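# Tertiary structure, described
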Amino acid sequence: MNVLTDANAASRVASPPQGVVAEGIGKRYGEKWALRDVDLDVPAGTVLGLLGHNGAGKTTAIRILTTLAVPSAGSARVAGLDVVADAAGVRRRIGMAGQYATVDGLLSARRNLEMVGRLYHLPRRQARERAEELLARLGLADVADGLVRTFSGGMRRRLDLAASLMGEPPVLFLDEPTTGLDPQGRNDLWALLRELVDAGTTLVLTTQYLEEADRLADTIMVLDRGRTVATGPPAELKARVGGERIAVTLAAEDGLVSASSALEAFADGKSSVERDLLRVTVPVRTGTRLIEVVRALDGAGVEALDVHRREATLDDVFLAVTGVEAVRGQSDADESDAEVAGR
Amino acid sequence: MSAHRQPDAIGLAGRLRWQVSDSLVLARRNVAHVRQIPEKLIDATIQPLMFVLLFAYVFGGAIHVAGGGYREYLLGGILVQTLTFGIIGPATSIATDLTEGIVDRFRSLPMSRSAFLLGHLISDLAAAMLALAIMIVSGLIVGWRLHGDIPHTLAGLALLVLFAFAMLWVGMLLGLLARTPDAVTGVAFVVIFPLTFIANTFVPVGGLPAGLRDVAEYNPMSAVAAAVRTLFGNPTALPADPAWPLRHPVLSALCWCAIALAIVVPLTIRRYRARTTG
């Protein structure tokens, strides 16, 4: 069960723990900066969560740190080695799972892992054993000899993650690792990552979900259009953002004002009004009881169609740290198109 | 347990050892693909057999070659054409890999950078050798014979391997230049068909109209086919006053291969670096 942990403990001895440090890294594709002036400091054995929408620059940051892209500005060190000057040394010490599963569809899951193990320069027998362990650990033992082309999205993600762990890397980079996983798969993955980090692995992951960053990260960095807009421990970020939200959807527009003032009593920050959706959302103190909110609204004569409580989201983070609504618009495709064009 | 983590300073010998090992790992991957898509081997197996049989039995009766039967003449040409079709194999597999995420995986690993290309080269060279063997056997069955002594025969085989090697590099370059795997097949056919037909591959050049005959006489394919025929002791069916390359077919064939490699190899390496550097 704890093969992963033991292996990592051993590799820590072999290479002294050093995390990820970056100073002013940026990447320009043509005229457009996909990433600009980003500083990172991830001590060994800790987790950095890069939080942002599609096109925020998360993938670009991961590509620079995994030596797949050369930074247009700044410098970065991973496990103590420069990502440009000593790219080969960095590659010996990292594992990477990209946003698009980077596995070979025409091989079985087992052969994929054995191939990756051999390319990490493991002896054949060790590659075979490690593949076997990881297939079991990631719940792929039953489909180990199945052709990857026939795998579901979630299975491919898990195999991709297994591939990234073949070399027992002291530093692990995961680009939106839970995208495409079902809730059970996501919980399993979180548990596995926790285990790796407890054993000393340094982890940099990207996510669009505040909840995920909160669950896993020691430090969260919020990226928006290539720049850092906030950074700090999750607790600090959540203190700025507030935890829970109560959202009230009204029957008619004239209720917006009275609803806002009725909600004031529970508010733990600025409320936001979405006029077109007839919705008022307000951050509330933890422990606020929904029934009291409903009573207050009723008492104010507000005709509400729906009242519900929800966790803070990335959009709430943006609203809290930048004061403006998040800019979406740029899709993943835009970011990767820019990258392909830049090649 | 972590004794495997390769040290950073491994020296030249160590690097070479890993380069060979990594290339073989990737070559084995390409061979494993054939098990999933057996059609990939059609180029190397059924196609050469089909050409030998079609030309021997369908065109054979209509084309007259001085100094021996048409089948004796034919095989040199078919060998050259089939090995030229070998461009398509590496071109499509490299173009396919580049459109999928797998190259990112390879690039994030501590493997030798050149192993990706060398792996394709090794597996496709093996496929070309298979095609060569099938053509020689099927040629012998339809009545083609080797008339040269052993050194000449071996030299002929060596020339074919060199030619196949050069064509695979052309294929790798095409794969790196192509935007999509589908584009490869289209481009390859448009180039390969005129190149291998406006030559002495299937008909003696003496019968061609004046302008076309000049093209055919200076076509590298003609030089290679004539060289193979010369070394195997088959009829070359040269016209009375052949152009210089056909008067010295072996030397010209070697020169053409050397020129092709001297141009294509550096371009391929440069293009590969450009496509895999972010």
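Here, the structure is the one placed above.
Residues numbered from 1 in each chain as written. Chains lettered and ligands numbered in written order. Predicted model: local features only at pLDDT ≥ 70, side-chain atom pairs only at ≥ 80, totals over all residues.

Moving on, we get to the overall build of chain B. When helices and strands are counted, chain B shows 12 helices and zero strands. For chain B, the α and β elements follow one another from N to C terminus as α-α-α-α-α-α-α-α-α-α-α-α. A compact globule built from 278 residues should have a C-alpha radius of gyration of about 19 Å, and chain B, at 21 Å, falls within 12% of that. The principal-axis extent of the C-alpha atoms belonging to chain B is close to 70 × 35 × 35 Å. Each of the 278 residues in chain B was classed as buried or not, and the buried ones make up 44%. Taking as baseline every contact in chain B between residues at least 6 positions apart, the subset at least 24 positions apart corresponds to 82%. (Helix = DSSP H or I, 4+ residues; strand = E, 2+ residues; numbered from the N terminus. Rg over C-alpha atoms; globule rule 2.2 N^0.38 Å. Buried ≥ 20, exposed ≤ 12 C-beta atoms within 10 Å, placed from the backbone. Contact = placed C-beta atoms within 7 Å.)

Counting residues in each nonpolar core, the largest one holds 153 residues, and the members touching the most others are Leu65(A), Val78(A), Ala162(A), Phe163(B), Val224(B) and Val228(B). Per-element accounting of this core gives the leading share, 13 residues, to helix α7 (residues 150–177) of chain B. If sequence neighbours within four positions are ignored, Ala162(A) has contacts with Leu113(A), Leu134(A), Leu135(A), Leu138(A) and Leu140(A). (Core = buried A, V, L, I, M, F, W, Y, C linked by C-beta atoms within 7 Å.)

On to the sheet that holds strand β2 (residues 32–42) of chain A, then. Residue and element names in this part refer to chain A. Taken in spatial order, the four strands of this open sheet run β2-β1-β4-β5, and their pairing is antiparallel. Here the strands that pair on one side only, and so sit at the sheet edges, are β2 and β5 (81–82). Here strand β1 (residues 20–29) pairs with β2 via seven bridges, running antiparallel. Note on β2: the bridge partner recorded for Tyr-29 is Lys-32. (Pairing = 2+ DSSP bridges.)

Here we come to helix α6 (residues 153–165) of chain A. For α6(A), which comprises 13 residues, the first-to-last C-alpha distance of 19 Å matches the rise-based estimate of 18 Å (1.5 Å per residue) to within 8%. Among the 13 residues that make up α6(A), 11 are buried, leaving the element largely enclosed by the rest of the structure. Listed as buried for α6(A) are Met155(A), Arg156(A), Arg157(A), Arg158(A), Leu159(A), Asp160(A), Leu161(A), Ala162(A), Ala163(A), Ser164(A) and Leu165(A). Tucked inside the fold, the buried residues of α6(A) contact β6 (94–97), α4 (109–119), α5 (124–137) and β7 (171–175) of chain A together with α5 (102–108) of chain B. (Expected span 1.5 Å × (residues − 1).)

Further remarks concern the sheet that holds strand β10 (residues 227–232) of chain A. Two pairing modes exist for strands in a sheet, parallel and antiparallel, and in both the strands are linked by backbone hydrogen bonds. Residues and elements named next belong to chain A. The six strands lie next to each other as β6-β7-β8-β3-β9-β10, forming an open sheet whose pairing is mixed. A single partner strand is all that each edge strand has here, and the edge strands are β6 and β10. Each adjacent strand pair in this sheet contributes to an overall mean axis angle of 15 degrees, direction not counted. Pairing of β7 with strand β8 (residues 202–207), which is carried by five bridges, proceeds in the parallel orientation. (Axes fitted to C-alpha atoms, helices over the stretch in contact; angles between N-to-C directions.)

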